[in-house]
There are 2 protein chains.
Amino acid sequence: MSEKQAVAISIRPASPNDAAGVLAHVSQTSKETSFLTMENEGPNITAEAEKHHLEKINESDNNFLLLALDGDNIVGMASIKGGSSPKVEHIGELGVSIVKDYWGMGLGTLLLEDLIEWAAATGVIKRLELTVQARNKRAIHVYEKLGFLQEAVMQRGVKDDDGSYLDVCLMSLLIGGTE
Amino acid sequence: MSEKQAVAISIRPASPNDAAGVLAHVSQTSKETSFLTMENEGPNITAEAEKHHLEKINESDNNFLLLALDGDNIVGMASIKGGSSPKVEHIGELGVSIVKDYWGMGLGTLLLEDLIEWAAATGVIKRLELTVQARNKRAIHVYEKLGFLQEAVMQRGVKDDDGSYLDVCLMSLLIGGTE
């Protein structure tokens, strides 16, 4: 274990009581990076609505939100958003966000490994997919290490803060058989 | 003009008053085809909610719903759903549905040509994208004729009614410059 990884990080699923912390995390991380492929809705959602959202996640069999904590502070988050209809309920869309001070510690990999394990155990999710800016080489490297394959480069897949259009990679990981 | 195309079809944007007709169309076409890549929400939405939805579309500058009518009957529908945040507001997701009796008349092409023209005129939309089942060769041929390029084959992109998993193509068409 490297010196950096010696920070005492705990990983656990989010509960409805994490609503305020989750919103604060989303707000913080979206300010710290220009690598997002979609806007986070965080700032516009009330803690009450987020609590309800977290309850729904816990009741669902193809949605999951995993937190990395340093003490009581959420320093990383990884989510699976499952399709909401029979045709696509087997597809889980993956999202990851890490607080900047905790970049480069392997936290993303840790969270993703747990997510993939959880997804495989559901028996429902058969495909994980994600989008990532093509210029975000570090993230793409992590996804590839975990077995994700690039399916597409989507031209103009996202608009940068300066108004320019960027390529976005679509990546996927098939989970389990299709029996 | 072929004999089939001589049917008097009119094409116009949907208005809030079309709510009930739109829902009936969605319900009918989703029963007639197994080529959908996502579940239509139609049957679960009230006419009042759909009316509100159509009002929102008309107020938006990157959402559009176009109808093909035979008399008063909606026999085809084509839509653009624009991204809802600054990062993706330039992306329009395209959907088309045609009543089975009107397949093979070129109605889809007509609707799509109008949609693309509308999208180009917005000045907002710079990328149109769509998903289509890989086995739906006829639709793919239409999209290619209109200039769409295949960006990906998404494995297990949709579950068929019999529970098997099907490939789904991601296609896109860039519109205008990025100035």
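Definitions and limits used
Residues numbered from 1 in each chain as written. Chains lettered and ligands numbered in written order. Predicted model: local features only at pLDDT ≥ 70, side-chain atom pairs only at ≥ 80, totals over all residues. Heavy atoms only, no water. Contact = heavy atoms within 4.5 Å. Buried area = accessible area lost by both parts, 1.4 Å probe. Salt bridge = Lys/Arg side-chain N within 4 Å of Asp/Glu carboxyl O. Polar contact = N/O pair within 3.5 Å; in protein donor to acceptor, adjacent residues only side chain to side chain. Helix = DSSP H or I, 4+ residues; strand = E, 2+ residues; numbered from the N terminus. Nonpolar A, V, L, I, M, F, W, Y, C, P; charged D, E, K, R; others polar. Pairing = 2+ DSSP bridges. Axes fitted to C-alpha atoms, helices over the stretch in contact; angles between N-to-C directions. Phe/Tyr/Trp six-rings, centres within 6.5 Å; stacked < 30°, edge-to-face > 60°. Buried < 20%, exposed > 50% of the residue type's maximum accessible area, 1.4 Å probe, protein only. Least-squares fit on C-alpha atoms with pLDDT ≥ 70 in both.

### Side note on the interface of chain A and chain B
The parts lose accessible area when they come together, and the size of an interface is often stated as this lost area.
Here's step 1: Each partner contributes residues to the interface: chain A has 32 residues there, and chain B has 32 residues.
Here's step 2: Roughly 2700 Å² of surface becomes buried between chain A and chain B when both sides are summed, with 53% attributable to carbon and sulfur atoms.
Here's step 3: The tally of links from chain A across to chain B stands at four salt bridges.
Here's step 4: Applying the counting criterion to the chain A and chain B interface returns 16 residue pairs in polar contact (both at pLDDT 80 or more).
Here's step 5: Those elements that provide at least two residues to the side of chain A that touches chain B are strand 5 (127-133), strand 6 (149-159) and strand 7 (165-174) of chain A.
Here's step 6: Ranked by residue count, the leading element in the side of chain A that touches chain B is strand 6 of chain A, at nine residues.
Here's step 7: Partitioned by chemical class, the residues of the side of chain A that touches chain B number 13 nonpolar, nine polar and 10 charged.

### Here's the deal with the sheet that holds strand 6 (residues 149-159) of chain B
Residues and elements named next belong to chain B.
Here's step 1: If you trace the seven strands from one edge of the open sheet to the other, you get 1-2-3-4-5-7-6, paired in mixed fashion. Of all strands in the sheet, those bounded by a partner on one side alone are strand 1 (9-13) and strand 6. Neighbour-to-neighbour, the strand axes of this sheet turn through a mean angle of 25°, independent of strand direction.
Here's step 2: The pairing of strand 5 (residues 127-133) with strand 7 (residues 165-174) spans seven bridges and is antiparallel.

### A short note on the packing of aromatic side chains
Here's step 1: On inspection of all chains with the given rule, the structure shows four aromatic pairs over all chains.
Here's step 2: Taking 5.9 Å as the distance between ring centres and 65° as the angle between the ring planes, the aromatic pair formed by Y143(A) and F148(A) counts as edge-to-face.
Here's step 3: On the basis of relative accessibility, which here comes to 9%, the residue Y143(A) falls in the buried class.
Here's step 4: Given a relative accessible area of 2%, F148(A) falls into the buried group.
Here's step 5: Geometrically, the ring pair formed by F64(B) and W118(B) is stacked, given 4.3 Å between the ring centres and 5° between the ring planes. Placement of the pair is F64(B) in strand 2 (residues 64-70) and W118(B) in helix 3 (residues 107-122), with a sequence separation of 54 residues.
Here's step 6: On the basis of relative accessible area, W118(B) is assigned to the partly exposed category, the value being 21%.

### Some points on the relation of the copies chain A and chain B
Here's step 1: Between the two copies, chain A and chain B, the superposition gives an RMSD of 0.0 Å; the rotation angle is 180° and the shift along the axis is 0.0 Å. The symmetry that links the two subunits is that of a two-fold axis. Measuring from the rotation axis to each C-alpha of chain A, the shortest distance belongs to A152(A), at 2.4 Å.
Here's step 2: Mapped onto chain B, 100% of the interface residues of chain A are again interface residues, and the two copies thus contact each other with one and the same surface.

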